[in-house]
Amino acid sequence: MKKQTIDSRPAGPKPWYDPRVRALVFQVISLAVVCWAGWTLIGNTLSNMESRGISTGFGFLDESAGFGIIMHLVPYDATMSYGRTFWVGLTNTLLVSAMGIVAATILGFLIGVARLSSNWLVARIALAYIELIRNIPLLLQIFFWYFAVLSNLPSPRQSMEVGGALFLNNRGLYLPGPITPEGFGLVWGAILLAIVAVVGVRKWAKKRQMATGKIFPTVKVSVALLILLPLLAFVIAGLPLEWELPALKGFNFGGGISLIPELAALWLALSLYTASFIAEIVRSGILSVSQGQTEASKALGLPNGLTLRLVVIPQAMRVIIPPLTSQYLNLVKNSSLATAIGYPDLVAVFMGTTLNQTGQAVEVVAITMAVYLTISLLISLFMNVYNRAVAIKER
Amino acid sequence: MSESTIKPPKKYTGPVKWMRTHLFSTWYNTLLTLVVGYVLITNVGPLLNWLLFDATFQGAGPEDCVGEGACWLFINQRLNFFIYGFYPDELQWRVDVMFALLAVAFVPQFIERFPGRKWLGIFGMTGLPLIGYILIPGGILGLEAVESSKWGGLMLTLILAYIGILASLPIGVLLALGRRSDMPIIQGLCVVFIEVWRAVPLITVLFMASVMLPLFLPEGMSFEKLVRALIGITLWQSAYMAEVIRGGLQAIPRGQYEAAGALGLGYWRKMGLVILPQALKLVIPGIVNTFIALFKDTTLVLIIGLFDILGTVQSTIADPAWQNVAIEGYVFVAFCFWVFCFGISRYSQNLERKLDTSHKT
């Protein structure tokens, strides 16, 4: 006998009462509305651009830019293309973001710990710092450092100096720069080798500890490897390193490493501002580890240092990582405030000068937004991987 | 009784005891206290001198600012500009009325047992923007029109933050509901919208609003700069708002959804009558925090050429008649923002403590 498919449901409701039909209709309508809106916007934009005589497409990226940029990490001069200005801006954004993330993390952890200090005075000062800094707009802080503090420094001829090597004036901060002649490659190789060796030793030590219970002094050996190997290579290669001192040439300093005041102001403000948020995150992370955990590890006989390293910090990190990620993202996004003081970051160079000169608003804005989207996704991805490593492992 | 009875340990009480436990408990704490204390004592005095004791408050013009201290006279003389921007002097009562109404609606929210506090809050969210919409631009009911390019200062900052938060709330609710929806296309659209706006900095959004929005609109249709900035801020803020509200939606136990469904409520009534009232109440602190963030971020509009409070100060400190008043200007703006933000954040912390029902020890 043939099997018949039987619809066991009672004669269903009218189709317009059926939730599945409704869902389908609803989605089709909303998709249609979005498509229509997108279509209209594109149509409007095209006709508007045509009437203003703006050509579309990415051809402008190959044209010569014709403007100078005060700071560039990749080689650049005014004859290069608009496409090159994009890379200059992007590298400058990444530079200040990376510097800011490092400084804000260190400062934030210090202040977060200070906030929990048993010393009343230190804890109060940390609290005052946090409450003061995070309730004042970042843009105002950038202006303060740039226009009120750094512009009031002495001129290059009267610059403050430390031992003839470090100069500070209203044109920036000048440090001695290392010159690495050939032969220094050996040192880089040694550093690389040391890192590989440390990773290997750690793996081996952990395996041995798991198998036999014997503890290997990993930290001491790692530090020794990291310092001794490059030092050895440095000596073998015949000390191939010289320092170039900054010197007054004409109206300004030349040579060495220079930090322009725009970068310094932005870096200071971003680090100080984000540190106040990170400090609160660190504090709540440490407080989230219950007292019982510390007591239990003491009862097991772990000394203070090990209690902190093996019990408190791993558990605190679980609470700290997710909000820390969003602070890093905020810092990268906030670095775009560079525009306000003229630090040549992506927004200032590309979305500012390049956009104004070419008038290619749609293309430039789309590229810039895509870059920030990519950076955000990359940081989230990286922090998610790290978070998975420290997250609670339930078995 | 023998003489050699051991005496009880020395007991310290009062300030001495407090200092021994809080400042000098160990050798490194003592060292820390001394170093920090020294730095504080050497710096606070000169700072106070500059801020208050040597400062100039009264006078007629720049020539009176000769002392070592701060020149608050500058702020005094430009205060009108910092608060109202270019708003005509004889019409400033309209802005004052709005300030007063704003205070009437929201200051009672800080006071626990204020009668009718809820109704004042509702008025602040509904009636107030309507009155403001009539009063500030004018042009109807016999009020003289004041175009938006003349608005500025603190007033503009408050308008941007207030409208930004008010307009982004309903959009945020819809986006959050969409993101939690079972319909894949709706969910996808909402996720893309939220994530894209959250990933880009506010500056790019403002640039986009001021440069690209005119390109998007059909020919002949255009908005003023302020409206364009507001559109950008609202879209950007609604993405953040959606994430806050989604947190609240997720915190409501499944049983509530199922119970509402079992009562036969449809989707909108289920959400409107059962889920959202509970979820929104849960996320009030979160909403207040996003408001603080937005309030600080409104300063960015000066980059696209609007004169908010920072913009007005920034444009006047360059005045050559006054010598180097940058620090005074920035301290003044910082103080304004700090008072607002710190006050509101204290309020939200209070709320959080009150709404927190977890039984942590």
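Sequence order as written defines the numbering, with residues in each chain counted from 1. Note on labels: chains are lettered from A, ligands numbered from 1, in written order. Per-residue local features are limited, in this predicted model, to residues with pLDDT of at least 70; the limit for side-chain atom pairs, both in listing and counting, is 80 or more; totals at the level of whole chains, interfaces and linings are taken over all residues.

Caption draft 1: Region of interest: the overall build of chain B. Strands are runs of DSSP state E lasting at least two residues, helices are runs of H or I lasting at least four, and both sets are numbered from the N terminus onward. Across its full length, chain B holds 14 helices and zero strands. Within these notes, the globule rule equals 2.2 Å times the number of residues to the 0.38 power, and the radius of gyration is based on C-alpha atoms. Relative to the globule expectation of 21 Å for 361 residues, the C-alpha radius of gyration of chain B, 27 Å, shows a markedly less compact shape. By principal-axis analysis of the C-alpha atoms, chain B measures approximately 95 × 70 × 40 Å. Of all 361 residues assigned to chain B, the portion counted as buried reaches 31%. Contact definition: two residues whose C-beta atoms, as placed from backbone geometry, lie within 7 Å. The contacts in chain B between residues at least 6 apart in sequence include a share of 64% that link residues at least 24 apart. Neighbour counting defines burial: a residue surrounded by 20 or more other C-beta atoms within 10 Å of its own C-beta is buried, one with 12 or fewer is exposed, and intermediate counts give partly exposed, using backbone-placed C-beta atoms.

Caption draft 2: Expanded view of the overall build of chain A. When you go through chain A residue by residue, the secondary structure sums to eleven helices and eight strands. By the compact-globule yardstick of 21 Å for 395 residues, chain A is too spread out, its C-alpha radius of gyration being 29 Å. For chain A, the proportion of its 395 residues judged to be buried stands at 29%. Across chain A, every contact between residues at least 6 apart in sequence was considered, and the portion connecting residues at least 24 apart equals 66%.

Caption draft 3: Region of the structure containing helix 6 (residues 218-236) of chain A. A helix is expected to reach a length of 1.5 Å times the quantity of its residues less one. For helix 6 of chain A, spanning 19 residues, the distance from its first C-alpha to its last is 26 Å, which sits close to the expected 27 Å at 1.5 Å a residue. Looking one or two residues beyond helix 6 of chain A, the residue adopting positive phi is A:G238, at roughly 85°.

Caption draft 4: The sheet that holds strand 2 (residues 166-169) of chain A, seen in detail. All names here are of chain A. Pairing between strands is defined by DSSP: at least two bridges between the two strands are required. If you walk across this open sheet you meet the four strands as 1-2-3-8, and the pairing is antiparallel. Each of the sheet's edge strands pairs with one partner strand only, and the pair in question is strand 1 (160-162) and strand 8 (257-259). Neighbour-to-neighbour, the strand axes of the sheet open up by a mean angle of 15°, direction not taken into account. Here strand 2 pairs with strand 3 (residues 172-175) via three bridges, running antiparallel. Opposite L168, over in strand 3, you have L173 as the bridge partner. All axes here are fitted lines through C-alpha atoms, helices being fitted over the stretch that makes contact, and every angle between N-to-C directions spans 0 to 180 degrees.

Caption draft 5: The domain arrangement of chain B, seen in detail. All names here are of chain B. Marked domain ranges trace back to an automatic or database domain assignment. Taken domain by domain, chain B consists of domain 1 (72-87 + 151-354) and domain 2 (89-145). When each unit is reduced to the centre of its C-alpha atoms, the spacing between domain 1 and domain 2 is 19 Å. Facing five residues of domain 1, the contacting portion of domain 2 comprises six residues. Residue classes follow a fixed rule: Ala, Val, Leu, Ile, Met, Phe, Trp, Tyr, Cys and Pro count as nonpolar, while Asp, Glu, Lys and Arg count as charged, and any other residue, Gly among them, counts as polar. A class-by-class count of the residues in the side of domain 1 that touches domain 2 yields five nonpolar, no polar and no charged.

Caption draft 6: Fine view of the pairing of strand 2 of chain A. All names here are of chain A. Covered by surrounding structure in strand 2 are F167 and N169 only, the residues L166 and L168 on the alternate face being uncovered. Two successive antiparallel strands, strand 1 and strand 2, enclose a turn made up of three residues, where G163 displays a positive phi of approximately 60°. Between the antiparallel neighbours strand 2 and strand 3 lie two residues.

Caption draft 7: Structural context of the interface of chain B and chain A. Counting residues at the interface gives 43 residues for chain B, matched by 44 residues for chain A. The element contributing the most residues to the side of chain B that touches chain A is helix 14 (residues 326-355) of chain B, with ten residues. Each residue belonging to the side of chain B that touches chain A can be placed in one class, and the counts come to 32 nonpolar, nine polar and two charged.

Caption draft 8: Region of the structure containing the packing of helix 2 (residues 82-115) of chain A against helix 3 (residues 120-133) of chain A. Residue and element names in this part refer to chain A. Two elements in contact, helix 2 and helix 3, have axes separated by 7 Å at closest approach and are oriented at 130°. Judged by the inter-axis angle, helix 2 sits oblique to helix 3. In terms of crossing hand, the pair formed by helix 2 and helix 3 is left-handed. Residue-level contacts link I111, A114 and R115 of helix 2 to V122, A123, A126, L127, Y129 and I130 of helix 3. Any angle that is under 35 degrees is reported as roughly parallel, and any over 145 degrees as roughly antiparallel; angles of 65 to 115 degrees are reported as roughly perpendicular and all others as oblique. Each helix crossing is assigned a hand: it is left-handed if the near helix lies turned anticlockwise from the far helix by less than a right angle, otherwise right-handed if that turn is clockwise.

Caption draft 9: Quick look at the pairing of strand 3 of chain A. Pairing of strand 3 of chain A with strand 8 of chain A involves three bridges; the strand directions are antiparallel. Residue pairing for strand 8 of chain A: A:L173 is matched across the bridge by A:L259.

Caption draft 10: Up close: the domain arrangement of chain A. Each domain of chain A was delimited in the assignment, giving domain 1 (82-159 + 248-390) and domain 2 (182-238). Domain 1 of chain A and domain 2 of chain A are separated by 31 Å when their C-alpha centres are compared.

Caption draft 11: Highlighting the nonpolar core. Linking buried Ala, Val, Leu, Ile, Met, Phe, Trp, Tyr and Cys residues through C-beta atoms within 7 Å yields a set, and such a set is a nonpolar core. In terms of nonpolar packing, the biggest core is built from 142 residues, with A:I142, A:L266, B:M155 and B:L206 touching the most fellow members. Per element, the largest residue contribution to this core is 15 residues, and it comes from helix 7 (residues 261-288) of chain A. Non-local contacts of A:L266, meaning those with residues more than four positions away in its chain, are made with A:V96, A:I142, A:S335, A:A338, A:I341 and A:Y343. Among the nonpolar cores identified, the runner-up in size contains five residues, and A:V187, A:A190, A:A194 and A:A233 belong to it.

Caption draft 12: Examining the confidence of the model for chain B more closely. Of the residues in chain B, 98% have a pLDDT of 70 or more, and the chain-wide mean is 84. Scored by ipTM, the complex comes to 0.87, with pTM at 0.85. A score from 0 to 100, pLDDT tells how confident the predictor is in each residue.

Caption draft 13: Looking closely at the environment of B:F332. Residue and element names in this part refer to chain B. Along the chain, F332 falls in helix 14. As for F332 and F223, which are separated by 109 residues in sequence, their C-alpha atoms are 32 Å apart. Excluding its chain neighbours within four sequence positions, the residues that come into contact with F332 are I75 and V313.

Caption draft 14: Focus on the environment of B:I186. Following the sequence through the fold, B:I186 ends up in helix 7 (residues 184-199). Here B:I186 falls in the partly exposed class, since 19 other C-beta atoms lie within 10 Å of it. Sequence separation between B:I186 and B:L175 is eleven residues; the distance between their C-alpha atoms is 9.3 Å. What B:I186 contacts, discounting residues up to four positions off in sequence, is A:Q27, A:S30, B:G178 and B:S181.

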